[in-house]
Amino acid sequence: MRLLLELVLSGIMVGSIYALVALGWTVIYKCSGVLNLAMGELTLIGAYVCLTYYQWGFPFPVALVATLITGFILGLVTERLFLRRMIGEPILSIIMITAGLSFFFRAVVGFVWGTDTVVFTPPVFPQEPLRFFGMVFGQVYLWSFAAAILLLLVFVWFFARSRWGLAMQATADDETAALSLGVSAKWVYALAWAIAFMAAGVGGTLLGNINGLNISVGYLGLLVLPAVVLGGLNSVPGAIVGGIAIGVLQNLSDVYIGPLTQGGVKEIAPFVFMIGVLLIRPYGLWGWVRIERV
Amino acid sequence: MLKVNNIEVLYHEVILALKGVSLDVPSQGIVALLGANGAGKSTTLKAISGLLKHENGRVTEGSIEFLGERIDRSSAEEIARLGIIQVIEGRRVFPHLTIEQNLKVGGHLRKNGGDISAGLEMVYQYFPRLKDRRGVAAGFASGGEQQMLVIGRALMARPKLLLLDEPSMGLAPLLIKEIFEIVTQLNRQERIPILLVEQNAKLALSVAQYAYVLETGRVVMDGESAKLRENPDIRDFYLGLTDLGTRKSFRSIKHYKRRKRWVS
Ligand SMILES: Nc1ncnc2c1ncn2[C@@H]1O[C@H](COP(=O)(O)OP(=O)(O)OP(=O)(O)O)[C@@H](O)[C@H]1O
Ligand SMILES: [Mg+2]
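Fair warning: this is a prediction, and the values are worked out from it, not measured in the lab. (Residues numbered from 1 in each chain as written. Chains lettered and ligands numbered in written order. Predicted model: local features only at pLDDT ≥ 70, side-chain atom pairs only at ≥ 80, totals over all residues. Heavy atoms only, no water.)

Asks: Whenever I open this one, the nonpolar core confuses me. Can you help?
Replies: Ranked by size, the top nonpolar core spans 143 residues in total, and within it A:M168, A:I195 and B:F127 carry the most contacts. Tallying contributions element by element places helix α8 (residues 185-211) of chain A first for this core, with 14 residues. When residues of this core are assigned to domains, at least three map to each of domain 1 (1-83 + 160-264) and domain 2 (91-158) of chain B. In this structure, A:I195 is in contact with A:L23, A:V27, A:F155, A:F158, A:F159 and A:M168, ignoring residues within four places of it in sequence. Counting residues in each nonpolar core, the second largest holds 29 residues, with B:L2, B:V25, B:I48 and B:I64 among its members. (Core = buried A, V, L, I, M, F, W, Y, C linked by side-chain atoms within 4.5 Å. Buried < 20%, exposed > 50% of the residue type's maximum accessible area, 1.4 Å probe, protein only. Helix = DSSP H or I, 4+ residues; strand = E, 2+ residues; numbered from the N terminus. Domains from an automatic or database assignment. Contact = heavy atoms within 4.5 Å.)

Asks: Teacher, can you tell me more about the site of ligand 1 here?
Replies: All names here are of chain B. In the neighbourhood of ligand 1, 16 residues make up the surrounding shell, with N37, K41, S42, T43 and Q199 lying closest. Here an oxygen atom of ligand 1 and a side-chain polar atom of T43 are 2.5 Å apart. When isolated, ligand 1 has an accessible area of 630 Å², and the protein chains bury 70% of it. Mapped onto the shell around ligand 1, the elements with two or more residues apiece are β2 (15-25) and α1 (41-49). By residue number, the principal contributor to the shell around ligand 1 is α1, which donates three residues. A breakdown of the residues in the shell around ligand 1 according to their chemical character gives five nonpolar, seven polar and four charged. (Near = heavy atom within 4 Å. Polar contact = N/O pair within 3.5 Å; in protein donor to acceptor, adjacent residues only side chain to side chain. Areas by Shrake-Rupley, 256 points an atom, 1.4 Å probe, with all protein chains shown as cover. Nonpolar A, V, L, I, M, F, W, Y, C, P; charged D, E, K, R; others polar.)

Asks: Just to check I follow, could you spell out the packing of helix α6 (residues 143-156) of chain B against helix α7 (residues 173-189) of chain B for this structure?
Replies: Helix-helix packing is characterised by the crossing angle of the two axes and by the distance between the axes. Residues and elements named next belong to chain B. At a minimum axis separation of 10 Å, α6 and α7 run at an interaxial angle of 10°. Between α6 and α7, the angle is such that the two are roughly parallel. In this structure, α6 uses G144, Q147, M148, I151 and L155 to contact α7, whose residues at the interface are L175, E178, I179, V183 and L186. (Axes fitted to C-alpha atoms, helices over the stretch in contact; angles between N-to-C directions. Parallel < 35°, antiparallel > 145°, perpendicular 65-115°, else oblique.)

Asks: Any chance you could explain the interface of chain A and chain B here in plain terms?
Replies: Many structure descriptions define interface size as the accessible area lost when the parts assemble. Chain A puts 21 residues into the contact, and the matching count from chain B is 27 residues. Surface buried jointly by chain A and chain B totals about 2,500 Å² across both partners, of which 64% is contributed by carbon and sulfur atoms. Applying the counting criterion to the chain A and chain B interface returns one salt bridge. With a closest N to O distance of 2.6 Å, B:R92 and A:D174 form a salt bridge. In this structure, the connection of chain A to chain B is made through four residue pairs in polar contact (both at pLDDT 80 or more). Counting residues per element, the side of chain A that touches chain B draws most heavily on helix α6 (residues 163-173) of chain A, which supplies seven residues. Residues that form the side of chain A that touches chain B fall into these classes: twelve nonpolar, five polar and four charged. (Buried area = accessible area lost by both parts, 1.4 Å probe. Salt bridge = Lys/Arg side-chain N within 4 Å of Asp/Glu carboxyl O.)

Asks: Help me out: how do you make sense of the sheet that holds strand β4 (residues 57-66) of chain B in this one?
Replies: Backbone-to-backbone hydrogen bonds pair the strands of a sheet. The strands run either parallel or antiparallel. All names here are of chain B. Spatial ordering of the open sheet is given by β2-β1-β4-β5, a layout of four strands whose pairing is antiparallel. At either margin of the open sheet sits one strand with a lone partner, and together these are β2 and β5 (69-70). For strand β1 (residues 2-11) and β2, the ladder comprises eight bridges, and the chain directions are antiparallel. Bridged to E8 within β2 is K19. Across the face of the sheet, α1 comes into contact with β1, β2 and β4 while running at roughly 110° to β1. (Pairing = 2+ DSSP bridges.)

Asks: Hey, could you run me through the pairing of strand β6 (residues 84-87) of chain B in this one?
Replies: Looking along a regular strand, one sees the side chains alternate between the two faces of the sheet. Residues and elements named next belong to chain B. The side-chain alternation of β6 yields two buried faces, one formed by I84 and Q86 and the other by I85 and V87. By the bridge criterion, four bridges tie β6 to strand β7 (residues 161-165) in an arrangement that is parallel. The residue bridging V87 from the neighbouring strand is L164, located in β7.

Asks: Even after reading the chapter, I still don't get the coordination of the magnesium ion (ligand 2), so can you show me in this structure?
Replies: A metal bound by six donors in octahedral fashion has ideal angles of 90 or 180 degrees, whereas one bound by four tetrahedral donors has an ideal angle of 109.5 degrees. Residues and elements named next belong to chain B. Every protein donor of the magnesium ion (ligand 2) is accounted for by S42 (OG) and E89 (OE), and the metal-donor separations fall at 1.9 to 2.6 Å. With a gap of 47 residues between them, S42 in helix α1 and E89 in the loop between β6 and α3 (99-106) connect regions that are remote in the sequence. A residue is classified by how much of its surface remains accessible, and S42, at 13% relative accessible area, is buried. Given a relative accessible area of 30%, E89 falls into the partly exposed group. (Donors = N, O, S within 2.8 Å, 3.2 Å for Na, K, Ca; no water.)

Asks: What exactly am I supposed to notice about empty space enclosed by the protein here?
Replies: If a probe as big as a water molecule is rolled over the atoms, it shows which places are left empty. Per the stated rule, a full pass over the model turns up three cavities of 30 Å³ or more. Size it by volume and the largest cavity reaches roughly 60 Å³. A:S180, A:L181, B:I85, B:Q86, B:V87, B:I88, B:R92, B:V150, B:R153 and B:A154 are the residues that line the largest cavity. Within the residue set of the lining of the largest cavity, elements represented by two or more residues are β6 and α6 of chain B. Tallied by class, the residues present in the lining of the largest cavity amount to six nonpolar, two polar and two charged. (1 Å grid on protein atoms, 1.4 Å probe; cavity = no way out; pocket = protein on both sides within 12 Å on 5 of 7 lines; lining within 4 Å. Points joined across faces, edges and corners; volume = space filled by probe spheres on them.)

Asks: Explain the layout of surface pockets here, please?
Replies: In this structure, the largest pocket occupies an estimated 810 Å³ of space. As for the largest pocket, its lining consists of 33 residues, of which A:I87, A:G88, A:E175, A:Y189 and B:H54 are closest to the centre. Taken together, the elements giving at least two residues each to the lining of the largest pocket come down to α1 (2-32), α3 (60-83), α4 (91-113), α6, α7 (175-180) and α8 of chain A together with α2 (76-82) of chain B. Of the residues assigned to the lining of the largest pocket, the class counts are 16 nonpolar, eight polar and nine charged. Within this model, the second largest pocket holds a volume of roughly 540 Å³. If you trace the second largest pocket, you find 23 residues lining it, with A:Y18, A:L207, A:N211, A:L223 and A:K266 closest to the centre. Considered class by class, the residues forming the lining of the second largest pocket number twelve nonpolar, nine polar and two charged.

Asks: Looking at this structure, I do not really get the domain arrangement of chain B. What am I missing?
Replies: All names here are of chain B. Under the domain assignment used here, chain B contains domain 1 (1-83 + 160-264) and domain 2 (91-158). Contacts between the two partners involve 20 residues from domain 1 and, on the opposite side, 15 residues from domain 2. Between domain 1 and domain 2 lies a buried interface of about 1,400 Å² when both sides are counted; carbon and sulfur atoms form 68% of it. One can count one salt bridge joining domain 1 with domain 2. Here E178 makes a salt bridge to R129, at a shortest N to O gap of 3.3 Å. On the surface where domain 1 and domain 2 come into contact, there are four residue pairs in polar contact (both at pLDDT 80 or more). Those elements giving two or more residues to the side of domain 1 that touches domain 2 turn out to be α2, β7 and α7. Sort the elements by how many residues they give to the side of domain 1 that touches domain 2 and α7 lands first, with eight residues. Across the side of domain 1 that touches domain 2, the residue classes tally to twelve nonpolar, three polar and five charged.

Following this line, the structure appears as structure tokens:
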């Protein structure tokens, strides 16, 4: 029983990091209908950028904020350089562009930072684990959880309250109507990329702190796809809950089903679960069942 | 205030939707644009607001001037910034946002918070029902509430010219009356000039001072509302028994009537 609780709790903690990356998928999909196949690479770039700042001697919180700012700028630039001219083109073409971006970014990361695993040195978080009621958690998990939740709350506030957050949601709902009110669709797309870069970058950084950083952190992008689909692709709260659910699911399947197999259950479980849910709820858990009334 | 000079509009570079439309909207009052389905009323509004460009449409001939400035090449965003706000036909609310959030998006161009709350206050004064329902997702609001919402949302943008596309569509007569009364009030009290597109000619002529009649992409008649109301062709075709939805053309009626006059 205690083991179960421990698995669930640490699953929630890792899941909150997945939620950040899932939010990146969602915000771009929601605003522009594009599935951004370069999501994993955004994660990678953010993590390496943060690592670089940290190695330059910035305290970690400062490095993290600097990563957010860098992510914001990189998002705007990426949108401007690669996606702006594709506005209005078929969605599939745009998705192919993001596939191309994925390879491009990966190559850039390999070129700039190499392919060896690197770790944050000195370690960012204290090494000795904390104990609650007999359960043991690494401090890196607790801090990552706190950082992820804080950032998620900021994003949720941004979408529900701020001028540009509402403009983004409005564009997602009805682009023409938003345009008629003077909302700039170009800025909305650019902001979506900026936010995706920021969220993914922090997600990658936190994960890099836990496992060390190499090119495989980029697989996080695909790993959270089930979380996004579970959440319903265009729901921000859905992405968050989906991300956390995937974290828990991975932990449970790893411990309870893993020993019965040759391994790999942890990686497959989210996808199996996703297919199961989609069979029952094709729109995902929180997806838009179209609101229609006349 | 707004001058549309003999514009021609092409969709997808092949479909000719307007074949020379001219109209004037003075800086006060309400001008009505009447016509049957497919006459080109919405296309005219979209040409003015710039939304046409997002439907692969283009003004190929003629020009549009607003406050002396040429706007037919400007983007929808620039035109909205100049103060021309179009209320698109079909009650296009943002369904997943609440009523109040919808209104806030309307205030997107007002940058500071105090301004937005003043705007909300004003809209709620004209549409108290929106205030009661402000926390409801707009997709779940009733048809009448949604129509009020899209008008209120446009008000939030502080329009210098309001383009209203068929506000009566699909609403019960009592609601239509209520909404038209508010529209008239907005025009008088807030001094917002309005270009009103309607299929319901009787209604439109009762609030507008001047009207244009559009048919298959051309203005076939225009004049003071009072005069148009007395015009026998308008009486027959727009105000009489025949509804606007019928496929019979206004011109063919005219010809038919002329022939009849000759015969008798
Ligand atoms: N996006 C578009 N692409 C191609 N053709 C269009 C488009 N929108 C309108 N049209 C065509 O332009 C003509 C005028 O349409 P418009 O929507 O302006 O008519 P309307 O007078 O507003 O009619 P209604 O009363 O039905 O709204 C029609 O023949 C229509 O088929
Ligand atoms: Mg129309």
